[in-house]
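Remarks on the overall topology
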Amino acid sequence: DGFVRWTSDGSKIYSNLLADWRLSADGRIFSFELREGVKWSDGMPFTTDDVMFWYEDIILNDELTPVIPSYLRPGDEVAVFRRVSDTVFEVEFAVANPMFVEERLVEFDIHAPKHYLQQFHPKYADPETLAEEIKKAGADTWYSLFLAKSEFYWVNNPDHPTLYAWKVKVPSPADMVVFERNPYYWKVDSENNQLPYIDEVRFALVPDSEILNLKAVAGEIDMQARGFDFTNFPLFRTNEQRGEYRTLLWPQGDGTTSTIYLNQSVADDELRAVFQDVRFRAALSHSIDREEVNEAIYYGQGTPRQASPIPQSAYYSARWESAFTEFDVDKANTLLDEMGLKRGPEGIRLLPSGRPLSITVDFRVGAAEWLEIVREHWHGIGVDLVLRPRDRALFDQRVVAGEHQALGHTMNRMVVPFNDPRRLIQCPYWQGRYAEYYESGGTVGWKPEGDIAKLHAVWDEMQAEVDAARRHELGMAITEIHADNIWMIGVVGLVPQPVIVKNDIRNVPETAVYDTVLRAPSNTCPEQYFIAK
């Protein structure tokens, strides 16, 4: 519920906390106007002082922000924020940065409640009082106290004011995290009734998806989409009457629900040389019988396709969607033979050193079924697949460390793919050290060459392009590079997202695009949901 919001179908953004914004002709200076009269959940006014506090006292403070985020330093110069009035502020970049609003202001706050957080900041707080607060909290430093009070405040700190529709009442890590309505929430309906309609929202924390599914079919969940897999759709439909709920099917923003990412910077030198050969990636793709996966796992409701933007996207590419998706085992074997990857006595192909060609695929628990089918397909062309289930923390840890060889995961964020470049441009899943190099401006990681370097260069140009039509051309050029290379091998996509909604929960739309970049279900305005009596 940020400065701007996506529409339910992801087709455009609209003003939310912002009343308006303008961009200079050269694409460098944004002028933002906040809505008048907005208050924090404790009743204090929300003004540009809160924006400037976030910028000057959090972002520009070395102890709180040792490394300034890349989105605030395009052109390697930190953006300058200027207060114009209580409701107007400007942001000036060293270079053109026309995508700033849609890239950052849907998902990320660029404000903080100065009146609350200044008591934990040495620039404002009385030293003795602050020392007492540090001691009372068991913190080591003022900045560790400050971060404890402000990081993930919406679930961790009931005292932290919010602008969201609900504020946390019982914080994490309780088994039941409880939110209550924000008494000063700034939205009203057409009859001047203050939103949100629902007084309290409870999140029960469960250990695994099986418990989640059982709670759903028992009618213990009022509204939820996250965590439900389409493979359980028949179970949900069968139990609707007993559980007094309905199962909606929202289109997902996933390019493919089932995707294999080959780490182009894998530490193993031999594997890296193989992974970086497009013939190898093409062979793997051609050897997958996507129709079999679709029927066996998704009841034929998905679409066999390559990992790519969905048809609703302005950046949809039919060429990329179908690239190397023809099921052709002979073609796959021919490509591997051309690479000199001969079969060993067990039928598994051998690397130049004589080692069997074996790939370890990390995946989050729950993706095993489609991966088992792909493993059989790849075994048929002489490529051994070792499947390693990981919990989310270990999965993410291995990605950050670049320790993975390959990943089995979704490819989401594909309705507006360039509003979050973590899949197409600087994705650690398939770029590994090359993404690290790009993200850090060349201070760490590996310098890419060839088409990955070209990808980064086109993206740099796209981010600085003020003309929307030309920016779209550059985006399509990026899709062409991906279609040539298929660093991400998609299997089945366009699989609907099951959404469980109790019969007495209303104003939940029958259809909306479900995607992370849209902050779904935020794009459906949950503050307008209500409980029918």
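Scroll up to find the structure.
Residues numbered from 1 in each chain as written. Predicted model: local features only at pLDDT ≥ 70, side-chain atom pairs only at ≥ 80, totals over all residues. Heavy atoms only, no water.

1. Comments concerning the overall build of the protein
Heads up, the rule is: We count a stretch as a helix when DSSP gives it H or I for four or more residues in a row; a strand needs E for two or more, and each element gets its number in order from the N terminus. Throughout, the radius of gyration refers to the C-alpha atoms, and the reference size of a globule is 2.2 Å times the residue count to the power 0.38. In what follows, residue pairs with any heavy atoms lying within 4.5 Å of each other are defined as contacts. Only the protein chains shown count as covering a residue, and every accessible area follows the Shrake-Rupley method with a 1.4 Å probe. Under the convention used here, Asp and Glu are negative, Lys and Arg are positive, and both His and the chain ends fall outside the count. Think of each charge as sitting on NZ of Lys, CZ of Arg, CG of Asp or CD of Glu.
The helix and strand inventory of the protein stands at 19 helices and 20 strands. Its C-alpha atoms give the protein a radius of gyration of 25 Å, near enough to 24 Å, the size a compact globule of 533 residues would have. With respect to the principal axes defined by its C-alpha atoms, the protein has extents near 75 × 60 × 50 Å. Taking the contacts inside the protein whose residues are at least 6 apart along the sequence as the reference set, 66% of them involve residues at least 24 apart. Taken as a whole, the protein presents about 23600 Å² of accessible surface, with 50% of it coming from carbon and sulfur. Within the protein, one finds 54 positive and 82 negative side-chain charges whose respective centroids are separated by 1 Å.

2. Notes on helix α7 (residues 209-217)
Quick reminder of the rule: The rule is simple: take the accessible area with a 1.4 Å probe, protein chains only, and divide by the maximum for that residue type; under 20% is buried, over 50% is exposed, in between is partly exposed. What the arc describes is the spread of directions from the helix axis to the C-beta atoms. Pairing of N or O atoms within 3.5 Å defines a polar contact, subject to two protein rules: one partner must be a possible hydrogen donor and the other a possible acceptor, and residues neighboring in sequence count only if both atoms are side-chain atoms.
Taken together, the buried positions of α7 are occupied by Leu-212, Asn-213, Ala-216 and Val-217. Projected onto a plane normal to the axis of α7, the buried residues spread over an arc of 125 degrees and lie on a single side. Exposed side of α7, more than 90 degrees from the buried face: Glu-210 and Leu-214 are the residues found there. Where the residues of α7 are buried, they touch β10 (223-224), α8 (233-238), α9 (240-243), β11 (245-250) and β18 (497-502). Capping the start of α7, Asp-208 holds a side-chain oxygen 3.1 Å from the backbone nitrogen of Glu-210, two or three residues further along. One or two residues past the end of α7 sits Gly-219, with phi positive at roughly 80 degrees.

3. Notes on the sheet that holds strand β4 (residues 29-34)
What counts is decided by this rule: Here, a strand pair is defined by DSSP locating no fewer than two bridges between the strands. Throughout, an axis means a line fitted to C-alpha atoms (over the contacting stretch in the case of helices), and angles, computed between N-to-C directions, take values from 0 to 180 degrees.
Taking strand neighbours across the sheet as the criterion, the 4 strands line up as β3-β4-β6-β5 in an open arrangement whose pairing is antiparallel. Unpaired on one side and paired on the other, β3 (18-23) and β5 (80-83) mark the two borders of the sheet. When the angles between neighbouring strand axes are averaged without regard to direction, this sheet yields 20 degrees. Across 4 bridges, β5 lies against strand β6 (residues 88-92) in antiparallel orientation. Residue pairing in the sheet places Arg-82 in a bridge with Glu-90 of β6. Relative to β5, helix α1 (residues 48-59) is tilted by about 150 degrees, and along the sheet it contacts β4, β5 and β6.

4. Focus on the sheet that holds strand β15 (residues 384-390)
Across the sheet, 6 strands lie side by side as β13-β17-β12-β16-β14-β15; this open sheet has mixed pairing. Both edges of this open sheet fall to β13 (303-304) and β15, since each of them pairs with a single strand only. Inspection of the sheet shows β13 paired to strand β17 (residues 488-493) by 2 bridges, in the antiparallel sense. Within β17, the position partnered with Thr-303 by the bridge is Gly-493. Contacts from helix α12 (residues 290-298) reach β12 (256-262), β13 and β17, with the element oriented near 50 degrees to β17.

5. Notes on the side chain of Thr-48
Relative to the assigned elements, Thr-48 resides in helix α1. Overall, Thr-48 belongs to the buried group, its relative accessible area being 0%. Those residues in contact with Thr-48, other than ones at most four positions away along the chain, are Leu-34, Arg-83, Ser-85, Asp-86, Thr-87, Val-88 and Phe-89.

6. Some details on helix α14 (residues 329-338)
Among all positions of α14, only Ala-332, Asn-333, Leu-335 and Leu-336 are buried. All buried residues of α14 fall inside an arc of 160 degrees around its axis, so they share one side. More than 90 degrees from the buried face of α14, the exposed residues found are Asp-330 and Glu-338. Tucked inside the fold, the buried residues of α14 contact α11 (278-286). In the stretch just after α14, Gly-340 is the one whose phi turns positive, near 80 degrees.

7. Brief notes about the environment of Val-67
Topologically, Val-67 is positioned in the loop between α1 and β5. Once the C-alpha coordinates of Val-67 and Val-415 are considered, the two residues, 348 residues apart in sequence, prove to be 30 Å apart.

8. What to know about the pairing of β17
When you tally the buried positions in β17, you get 6 out of 6 residues, the bulk of the element. Note: β12 against β17, 4 bridges, orientation antiparallel. Within β17, the residue paired with Ser-258 across the bridge is Val-492.

9. Quick notes on the environment of Glu-346
Within the element layout of this structure, Glu-346 appears in the loop between α14 and β14 (358-364). Residue Glu-346 is classed as exposed on the basis of its relative accessible area of 69%. C-alpha separation for the pair Glu-346 and Gly-382, spaced 36 residues apart in sequence, amounts to 8.8 Å.

10. Considerations on the layout of surface pockets
As a reminder of what qualifies: Only protein atoms enter the 1 Å grid used here. Points where a 1.4 Å probe fits but cannot escape make up a cavity, open sets with protein on both sides within 12 Å along at least five of seven lines make up a pocket, and a residue lines them when an atom lies within 4 Å of a point. Grid points are joined across faces, edges and corners, and a volume is the space filled by probe spheres set on the points. The nonpolar class holds Ala, Val, Leu, Ile, Met, Phe, Trp, Tyr, Cys and Pro. Asp, Glu, Lys and Arg form the charged class, and all remaining residues, Gly among them, are polar.
Approximately 290 Å³ is the volume attributed to the second largest pocket. If you go around the second largest pocket, you meet 19 residues; those closest to its centre are Glu-102, Ala-314, Tyr-315, Val-416 and Asn-419. Top contributing element to the lining of the second largest pocket by residue count: helix α19 (residues 468-485), with 3 residues. Grouping the constituent residues of the lining of the second largest pocket by class yields 10 nonpolar, 6 polar and 3 charged.

11. Some remarks on the nonpolar core
The cut-off we apply is this: Working definition of a nonpolar core: buried Ala, Val, Leu, Ile, Met, Phe, Trp, Tyr and Cys residues. They are joined through side-chain atoms within 4.5 Å.
One finds Phe-3, Phe-32, Trp-54, Phe-81, Phe-89, Trp-250 and Phe-418 to be the most contacted residues of the largest nonpolar core, which totals 99 residues. Counting residues per element, this core draws most heavily on α1, which supplies 7 residues.

12. Considerations on the packing of α11 against α14
In plain terms, the rule: The cut-offs work like this: below 35 degrees is roughly parallel, past 145 is roughly antiparallel, 65 to 115 is roughly perpendicular, and the gaps in between are oblique. Crossing handedness is defined as follows: a turn of the near helix away from the far one that is anticlockwise and smaller than a right angle gives a left-handed crossing, while the clockwise case is right-handed.
Axis separation between α11 and α14 bottoms out at 8 Å; the angle between their running directions is 160 degrees. Classified by the angle their axes make, α11 and α14 are roughly antiparallel. Remark: the crossing between α11 and α14 carries left-handed chirality. Residues Arg-279, Phe-280, Ala-282, Ala-283 and His-286 of α11 touch α14, and the partners they reach there are Val-329, Lys-331, Ala-332, Leu-335, Leu-336 and Glu-338.

13. Side note on the packing of aromatic side chains
Spelled out, the test is: Here the aromatic set is Phe, Tyr and Trp, taking the six-membered ring for Trp, and pairing holds for ring centres within 6.5 Å; pairs whose planes are under 30 degrees apart are stacked, those over 60 apart are edge-to-face, and all others are tilted. Should the NZ of a Lys or the CZ of an Arg lie within 6 Å of a ring centre and within 35 degrees of the ring normal, that charge is described as sitting over the ring.
Scanning the entire structure with this criterion turns up 33 aromatic pairs. On the numbers, 6.3 Å between centres and 10 degrees between planes, the contact of Phe-81 with Phe-89 is stacked. Using a relative accessible area of 0% as the deciding quantity, one classes Phe-89 as buried. Centre to centre, the rings of Tyr-315 and Phe-418 are 4.7 Å apart; their planes meet at 80 degrees, and the pair counts as edge-to-face. Taken together, the residues Tyr-315 in the loop between β13 and α13 (318-322) and Phe-418 in the loop between β16 (406-411) and α17 (433-439) connect sequence positions 103 residues apart. Comparing Tyr-315 with Phe-418 shows no difference in burial state: the two are buried. Within the aromatic cluster, the residues linked to one another by ring pairs are Phe-3, Phe-30, Phe-32, Trp-54, Tyr-55, Phe-81, Phe-89, Phe-93 and Phe-100. Between Arg-104 and the ring centre of Tyr-71, over which it is positioned, the NZ or CZ distance is 3.9 Å.

All quantities given are derived from atomic positions and should not be read as evidence of function.
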